[in-house]
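Chain residues, written in single-letter form:
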Amino acid sequence: MAPDESHFSWIVRSAAFHTGGDAVPFLGDLGVSVADIRSGAPEAVDRLCTVLGEDPEQVFRNTIRVDENRRLLRNEVFSSKFLRQTVAYCPACLLEDEAAGEARVVRRGRLIWLLKPVRTCPVHDLPLITVEGSSTWHTALTGMSRSAPEHTDELRAQLRSLAPRSRSPLQVHVEERLEGRLGSPWLDGQTIEQACRATEMLGLVLHFGIRPRFRILTEDDWDLAGRVGFAHTSRGEAGITEALDQLVERSLESTRARRPSQVYGVLFDWLQQTVKYNPGPIRELVRQHAMERLEVEPCGNFLGAPVTERRRYSIASLARDAGLHPLTLRNAMVTLGAVPAGSELDNGRLTINARAATDLAGALQRVVPIARLPELLNTSRAQAQQLVHEGLLPMLQPDPEQRQGRQGCAVDRREVDRFLAELEREAVPVADYPAGMTGIPQAAERAHCPTTEIVRLILAGRLKRIARLEWARGYGGILVDVMEVRSCLPKDVAGMLLTVALQRLMIDAEAGRVIADGTVDPPLLRTVETPDPTAPSSDLRVTNEDLAAFARRYVSEKRLGALHRMGPREVRRRLDRAKVAPILSGARNRFRIFRRMDIPPDCFA
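Quick caveat, the model's predicted, so the values are computed rather than measured.

For the rest of this paragraph, the subject is the overall build of the protein. Assigned secondary structure in the protein consists of 32 helices and 21 strands. Counting every position in the protein, which comprises 605 residues, the buried fraction comes to 50%. Long-range contacts, defined here as pairs at least 24 residues apart, represent 65% of the contacts in the protein between residues at least 6 apart. Surface accessibility of the protein: about 29900 Å² in total, with carbon and sulfur atoms responsible for 50%.

For the rest of this paragraph, the subject is the packing of helix H12 (residues 192-208) against helix H13 (residues 219-233). Contact geometry of H12 with H13 gives a least axis separation of 6 Å together with a crossing angle of 100°. Compared by their axis directions, H12 and H13 come out roughly perpendicular. The segment H12 lies against H13, with Arg197, Thr199, Glu200, Met201, Leu202, Gly203, Leu204, Leu206, His207 and Phe208 engaging Asp221, Trp222, Leu224, Ala225, Gly226, Val228, Gly229, Phe230, His232 and Thr233.

This part covers the pattern of salt bridges. Counted by the stated rule, this structure contains 37 salt bridges. One salt bridge connects Asp153 with Arg156, and the closest N-O pair in it is separated by 3.4 Å. Taken together, the residues span about one helical turn, with Asp153 and Arg156 both in helix H9 (residues 152-160) at a distance of three residues. For Asp153, a relative accessible area of 56% translates into the label exposed. A residue is classified by how much of its surface remains accessible, and Arg156, at 40% relative accessible area, is partly exposed. A salt bridge links Arg418 to Glu415; the nearest nitrogen and oxygen atoms lie 2.9 Å apart. Of this pair, Arg418 and Glu415 are both found in helix H24 (residues 413-424), three residues apart, which corresponds to roughly one turn of the helix. By relative accessible area, which is 39% here, Arg418 ends up partly exposed. For Glu415, a relative accessible area of 26% puts it in the partly exposed group. One salt-bridge network, held together by shared partners, links Asp4, Asp97, Arg108 and Arg110.

What follows deals with empty space enclosed by the protein. For the structure shown, the criterion picks out four cavities of 30 Å³ or more. Approximately 200 Å³ is the volume attributed to the largest cavity. Along its surface, the largest cavity is lined by 18 residues, and Gly109, Leu114, Thr139, Ala140 and Met144 are the ones closest to its centre. Where the lining of the largest cavity is concerned, the elements lending two or more residues are helix H1 (7-18) and helix H8 (144-147). A class-by-class count of the residues in the lining of the largest cavity yields eight nonpolar, eight polar and two charged. Its boundaries defined by the atoms lining it, the second largest cavity holds a volume of some 60 Å³. Lining the second largest cavity we find Val12, Ala16, Gly21, Asp22, Ala23, Arg104, Leu141, Thr142, Ser145 and Arg146. When contributions to the lining of the second largest cavity are tallied by element, the ones reaching two or more residues are H1 and H8. Here the residues of the lining of the second largest cavity are counted per class, giving four nonpolar, three polar and three charged.

Moving on: the sheet that holds strand S12 (residues 428-430). Taken in spatial order, the four strands line up as S12-S14-S15-S13 in an open sheet, and their pairing is mixed. The sheet is open, and its two borders are formed by S12 and strand S13 (437-439), each paired with just one other strand. Each adjacent strand pair in this sheet contributes to an overall mean axis angle of 40°, direction not counted. When S13 meets strand S15 (residues 478-481), the two strands line up antiparallel, connected through three bridges. Of the residues in S15, the one forming a bridge with Thr438 is Val480.

Counted according to the given criterion, the structure contains five aromatic pairs. An angle of 45° between the planes, with centres 5.0 Å apart, marks the rings of Phe78 and Phe82 as tilted. Here the guanidinium or amino end of Arg197 rests over the ring plane of Trp270, the centre of that ring lying 5.9 Å away. Over the ring of Tyr313 we find Arg310, and its NZ or CZ is 4.0 Å from the ring centre.

Here we come to the sheet that holds strand S2 (residues 70-73). Read across the open sheet, the three strands follow the order S1-S2-S3; overall the sheet is antiparallel. Unpaired on one side and paired on the other, strand S1 (65-67) and strand S3 (76-78) mark the two borders of the sheet. For this sheet the average axis-to-axis angle between neighbouring strands, irrespective of direction, equals 30°. Relative to S3, S2 is paired through three bridges, and the arrangement is antiparallel.

Let us look at the nonpolar core. If you look at the biggest cluster of nonpolar residues, it comprises 67 residues, and the most contacted ones within it are Trp113, Tyr264 and Leu267. Among the elements that take part in this core, H12 stands out by supplying nine residues, more than any other. Residues Ile370, Phe419, Leu463 and Cys488 belong to the second largest nonpolar core, which totals 35 residues.

Tallying each qualifying case throughout the model produces zero disulfides. Unpaired in this structure, Cys90 has its nearest cysteine sulfur neighbour in Cys121, at a distance of 3.6 Å. A relative accessible area of 0% places Cys90 in the buried class.

What counts and what doesn't
Residues numbered from 1 in each chain as written. Predicted model: local features only at pLDDT ≥ 70, side-chain atom pairs only at ≥ 80, totals over all residues. Heavy atoms only, no water. Helix = DSSP H or I, 4+ residues; strand = E, 2+ residues; numbered from the N terminus. Buried < 20%, exposed > 50% of the residue type's maximum accessible area, 1.4 Å probe, protein only. Contact = heavy atoms within 4.5 Å. Areas by Shrake-Rupley, 256 points an atom, 1.4 Å probe, with all protein chains shown as cover. Axes fitted to C-alpha atoms, helices over the stretch in contact; angles between N-to-C directions. Parallel < 35°, antiparallel > 145°, perpendicular 65-115°, else oblique. Salt bridge = Lys/Arg side-chain N within 4 Å of Asp/Glu carboxyl O. 1 Å grid on protein atoms, 1.4 Å probe; cavity = no way out; pocket = protein on both sides within 12 Å on 5 of 7 lines; lining within 4 Å. Points joined across faces, edges and corners; volume = space filled by probe spheres on them. Nonpolar A, V, L, I, M, F, W, Y, C, P; charged D, E, K, R; others polar. Pairing = 2+ DSSP bridges. Phe/Tyr/Trp six-rings, centres within 6.5 Å; stacked < 30°, edge-to-face > 60°. Lys NZ or Arg CZ within 6 Å of the ring centre and 35° of its normal. Core = buried A, V, L, I, M, F, W, Y, C linked by side-chain atoms within 4.5 Å. Disulfide = S-S within 2.5 Å.

Here it is in C-alpha cells:
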C-alpha cells in the first residue's frame, strides 16, 4: 500500500495482483464482507491486513470509516457530503503509475481524490478530471483501471488539454489538517467540513453573486469560490465581517434588498435551512452581523435562535410603529443627526439603532414647538424663549448649526414636564399671595437680576421659601420671596449676565459663544466669571464699559434692522449691495456681525 493511497485502491490492486480478477470475488474468497469494507469496519480491515501481510497502521490511517451518519478519517470527522460523489483523478499521476507495470496492478486511487475540496493535483499542479455520471462508491472496488480511460493514449490526450494551476489555499488547508498541521485558529476551531463549507459558501456569494445557479457551477467555479472565501475565513471573525460588510454595501445599491435573505443570498438560505447539520460558527457570525447592520424583526427562529428584541429600525417600519409620516420622521432624524443628510437610500433600507430610534420617535411624538411653550409653561413668550436660550429647557437638537425645521427648533414635552416638576417640588400650595412673595418675573425686576438666575436658585435648592398658587398652573404660578432672592444673589458683581448683554445687543446665543468664548482671539466681547463661589452657576458677566465698547465697534444684522426699522431681507439686500462683508457669520448665515466702520453712511439712508 502506498502512503497516499485509499484503502479501496489497495484492495483492488491486491486482487488484481494475487488473482488477476476483481476485488469483490477476492474479498468473498477471503471471507470478508464487501459492506464492511465499504464502511471501513475495523475487523474487516484488520483481517485483510493479516491475510495480505500489510501494516495495519498505514491501512487504518488511509481508511474512511462510517460511524452512523459520520465519516471518520484520522482525527477528522465529517459527513458523506464532504466526500466526492463522482470519480476524480489526475491523468499525469496515472501515467506515472503505469510506468511500473500493468494498469490494473499499479494504478493507484489517491486518498485525497475522494474529498470534495481537493480539485487540483498537489504533485503536478493540474486540475483533477471528474468522470461525469460515475459514482465514487459504486466504482470504489473497480479501481482506476476501469474508472479512468483504459488506454494510455486517452490519458495523454486528457493531460494535454489541462492548463496548470496551483492548489487553492483551502485545499492546502485540508491537506495540512489531514497531516495534523494547524495554521488558522478560526478554521481549526471547527470540523474540517464546517471550515470548508463556510469558506466556499462565503466565496460563492462574494464572487458569483448572492443567487448563483448551482446547476451550472463547475468544479473550477467551486475552486475559485474557495480561493475567494479563504482570503476572508483564514483571518477569522475580522475577515468574515469584512466580507459580510461588502455584501451589505452591495445590497444598498439595489432597490429591493431589505431582508437578510436579499442581502446574504444563498449563504443566508443555507444557514437558515440547515437543521440536522451544524454549519459551525459562521452561522452565529452572520446572525450577529445581520442584527447589527440590518432590520431584523422579532421572530421564533433566526439562524438557529429566536430574536426577542430588534436592534435596528428602518425609517419605514419605525414610522409605521410610531404612527408618524415617514417623510416627517426622516427629516427629523436628519435634523437630529441620527441619519446622514445626503443619503439616497429609501426609507425601507435606511436603518438606525433601535434603541436610539425608539427614543427619538418618542421625542418626536412629544415634540413641543417653541411657539407653544408660553401656553404650556403659563408665561410670556419672552420668558419661555429665555428659558430655552439659557439651556434650562434643552432643545431636541442641541447643535444650533444643525437646527432646521419644526423638529429642530422644539423641546421634548417630557423635558417641559420635568422642568415644571422640579420648580414645584418644594413649593407650598397657597390660595393667595403671601406677604413679601411674588411671581418670578416680578421678583427679577425688583431684585435687578435675570429671571433665569432665580430659576437656577430654585432648581439648586438655594431658595427655601417657595409657594405655588393653587389657581395658577406651571411657571406662572410659582412665587418666591424677593428678600430671600436678593440675599442669595452674588455680591459685588459688576455688570450683567452675558445672556442679558446679548439680548440687549440683539445677538443670539450661538453668535454669543463665538464672540465671547475665545473662538476669536482676542474675544470681541470681554467677559468675567461670577466671583461668588456660592452662586448657582459660574455665569459669565459683561461690564457696562465692555458692553458699550462692543456696541460702538460692532453691530448685528438683527440690530441694524431694529435701528432702521427694516425687515431682515431689506437689511441684507442693502448690505450686499454695498458689498459689506460680515466679520463673523454662522452656518447658512444664521447670524452675521459687522464692523460699524465698514458700513457706508448712506447704506441705510
